[in-house]
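The chain contents come next:
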Amino acid sequence: MKCIYPMFFALFAATAPFAATVDLSTLPGNYEAQDGDVLTGTLEGKSQPYKISIADGATVTLSDATINGSNSKDFPWAGLTCLGNCTVVLKGSNTVKGFYDEFPGIQAAKNEGAGDEYTLVIEGNGSLDARSSGYGAGIGGGYSDNDAKFGKISCGDIIIRGGIVTAMGGSYAAGIGSGGRGTCGNITISGGEVTATGGAQAAGVGSGNGGTSGAITISGGKVTATGRVWAAGIGSGNGGTSGDITISGGEVEATAGKQAAGIGNGYQGKCGDIIITNDITKVMATKGIDAPYSINVGDEESASMITIGGVVMGPIEKSSFEFPAELVDVETAGSKTVAFINGNYNGEDALSLTEDVSVDNVIFKRTFPAIDGENNYSTIMFPFEISANKVGNVKQVVSFLGIGIDSTNHKYVAVERVWCNEQSNTKCNYGTAKLEAYKPYLIQLESGKMSISINNTDPLVLKASPTDADAYDVAQDDDYSAYGDFVFRGVVQTKTWDATDPEIEGTAKAAAYGFAGSSATDISIGQFVKVGEGAYIKPFRAYIYKKPVPQSAPRAQFHTLYQPAPVDDLPDEMEVIIVDREKDGSELTTVIGQFNSRTGEIHLNRTTRTYDLNGRSVRDASHMAKGVYLNK
């Protein structure tokens, strides 16, 4: 048998002729998985010290597979070794642990020749727990690039697209990335739920102690990364380096060990540029004990920069920095002071600034719905004054006038153009229009845009919050009082209308109206609808409100054909129009949208389809909902 077994072993270890389901518990020797193979069962390292590898170019599924490394120098390999480009699909619950302690749990192969790095891709709906037996990464490379006994144990590129992935690095090795004194390629996470923890002096995602990793890119999924003593959560380990760090999507939480940044550099380490875009759901960076910054590149004299929400700034000092902020957060960022404003905030806190605060820049985080065509209107209110042409991605800004009646007794909602993004159009007030602090407006975004940017190079002043609710009202005190006793009311705190709200069941019933935002994908934004029980509106938005006490401002002569519209006499259907006032007193109007306050029916411009307030296409009024959520 001793003469026969090596022959059988050699044949088995070479390749499988076709895709197979392989029970790891029955393997008699090393195995190279081929494209389409499914690995299942348990490989016990002590009784089965076999090397399991994946052929170059192969896609292999782990289906409730367990590989338990035995941690012996006689078996110098990872728990799972890619021999080139490979894809691992996760199904069920899987565990992979490296064999000898200088190797990782899963080794991403490095291309030692010319050209691009080899790439390890992890995807699927299952789970994976990958870790080293001693000094290697959970997923990535091993200890040192030039080990005297085993040669290079470095790694190529790593891409994680899905699955529930837990990666634990050994001492001096990253959870995902390089081992101590080792190198790793680029690391990309675009989906899944990833938890990565570094070993001593190593990053959760990035480089180990004295090691190097390439660029780190997170564009989706949920990532929780923890660095140990002297190491960043995401970035470099103690004395290590990492490439650029870009976070452009998903939810990320990075926690550092002692004297290291949550995102960026470990102690005596450094990284490339750090870019956090406005598209992310959440980023939280927590610095370690005795660390000066929660986000930092670690090389103050280099060309490296930190950019958050499109604003270039210095390192962030706050011990635990969160973007977007809870509501409003003013932070020191190097030599700059930056205000972070969360226009998506849905908590109960109200904006409360007791005094004016001067800042170098403002990052206003708010996600608007992407609407095809020209109906993407939303309400907005800023706690600072700014030139309208400094707000990016906006096509035009309009101000509320009221509800009026034309010469044919037709009632409508009137708004006036304040500014438009046409520098050559003299009627647009391109270089002169300013948006006032705490004054609500209706803005139209450029087609397809989902965010705005504050493109201001001069300091801005966050104004102290008014204490009187009426201070947030836009009421007509000029000749446009002809549009009645309605105001445009901004909010600095989430407001919800219940059955007893005076704006619904008071002396002037159904006195609140709004420009609707819907969670449906194809309902036009900017439709004017009656507020119903259970509707809500988030901070820095506005709605229309009928004041209980009539105003008595004079009316201009050229408005003698117009009369205020009593709230109890509003029609079921009204148009929202833009009113352009000319010097000769004439008016030009443009229809934005139309609504039916009795059935909840919404008519979109340039379409024959009809939708209810939930965004459902309907054919008759029996399917139509009442009320609307003012959530945009």
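Residues numbered from 1 in each chain as written. Predicted model: local features only at pLDDT ≥ 70, side-chain atom pairs only at ≥ 80, totals over all residues. Heavy atoms only, no water.

**With respect to the sheet that holds strand β37 (residues 361-365)**
Note the cut-off: Strands pair, by our definition, only if DSSP identifies at least two bridges between them. Note on conventions: DSSP H or I runs of at least 4 residues are helices, E runs of at least 2 residues are strands, and numbering of each starts at the N terminus. To define axes, lines are fitted to C-alpha atoms, for helices over the stretch in contact only, and angles between the resulting N-to-C directions are given on a 0 to 180 degree scale.
Spatially, the three strands line up as an open sheet ordered β34-β35-β37, and their pairing is mixed. Of all strands in the sheet, those with a lone pairing partner are β34 (328-333) and β37, marking the two edges. Each adjacent strand pair in this sheet contributes to an overall mean axis angle of 20°, direction not counted. Bridging between β34 and strand β35 (residues 336-342) involves six bridges; their strand directions are antiparallel. Residue Val-330 lies in a different strand from β35, and its bridge partner there is Ala-339.

**As for the environment of Lys-365**
Worth spelling out the cut-off: Throughout this description, a polar contact denotes any pair of N or O atoms lying within 3.5 Å of each other; where both atoms belong to protein, one of them has to be capable of donating a hydrogen while the other can accept it, and for residues adjacent in sequence the pair is counted only when both atoms sit in side chains.
Turning to its location among the elements, Lys-365 is positioned in strand β37. A polar side-chain atom of Lys-365 sits 2.2 Å from the main-chain carbonyl oxygen of Asn-278. Here Ile-280 takes part through its backbone oxygen, which lies 2.8 Å from a polar atom of the side chain of Lys-365.

**Some remarks on the pairing of strand β21 (residues 222-226)**
Here is the rule: The cut-offs for exposure are 20% and 50% of the maximum accessible area for each residue type, with area from a 1.4 Å probe on protein chains only; residues under the lower value are buried, those over the upper are exposed, and the others partly exposed.
Along β21, the buried face is formed by Val-223 and Ala-225; none of Lys-222, Thr-224 and Thr-226, which line the opposite face, is buried. Relative to β21, strand β17 (residues 193-197) runs parallel, the two sharing five bridges. Paired with Val-194 across the two strands is Val-223, which belongs to β21.

**Digging into the packing of aromatic side chains**
As a reminder of what qualifies: Paired rings are identified among Phe, Tyr and Trp, the last through its six-membered ring, by centres lying within 6.5 Å, and are further divided according to the angle between planes into stacked (under 30 degrees), edge-to-face (over 60) and tilted (the rest).
In total, this model carries 12 aromatic pairs according to the counting rule given. Seen in terms of ring centroids, Phe-75 and Trp-77 are 5.9 Å apart; in terms of plane orientation they differ by 50°. Their pairing is tilted. In textbook terms, an aromatic cluster arises when at least three aromatic residues are bridged by ring pairs, as seen for Phe-364, Phe-382, Phe-384 and Phe-540.

**Observations concerning the side chain of Gln-48**
Note the threshold: We call two residues in contact whenever any of their non-hydrogen atoms come within 4.5 Å of each other.
Within the fold, Gln-48 resides in the loop between β3 (38-44) and β4 (52-54). Residue class for Gln-48 comes out buried when judged on its relative accessible area of 9%. Within polar-contact distance, the side chain of Gln-48 engages the backbone oxygen of Leu-27 at 3.3 Å. If near-sequence neighbours (up to four positions away) are discounted, Gln-48 is found in contact with Leu-24, Ser-25, Thr-26, Leu-27, Thr-42, Leu-43 and Phe-99.

**Topic: the pattern of salt bridges**
Selection criterion: One speaks of a salt bridge when a side-chain nitrogen belonging to Lys or Arg is within 4 Å of a carboxyl oxygen belonging to Asp or Glu.
One pass over the full model with this rule turns up seven salt bridges. As a salt-bridge pair, Glu-331 and Lys-318 come within 3.5 Å of each other at their nearest N and O atoms. Within this pair, whereas Glu-331 is found in strand β34, its partner Lys-318 is found in the loop between β32 (311-313) and β33 (320-323), the two being separated by 13 residues in sequence. Note on Glu-331: relative accessible area 9%, which makes it buried. With relative accessibility at 32%, the residue Lys-318 sits in the partly exposed group. Salt-bridge contacts for Lys-439 lead to Glu-436; the nearest nitrogen and oxygen are separated by 3.9 Å. The exposure class assigned to Glu-436 is partly exposed, which follows from its relative accessible area of 41%. Among the charged side chains, a salt-bridge network with shared partners connects Lys-318, Asp-329 and Glu-331.

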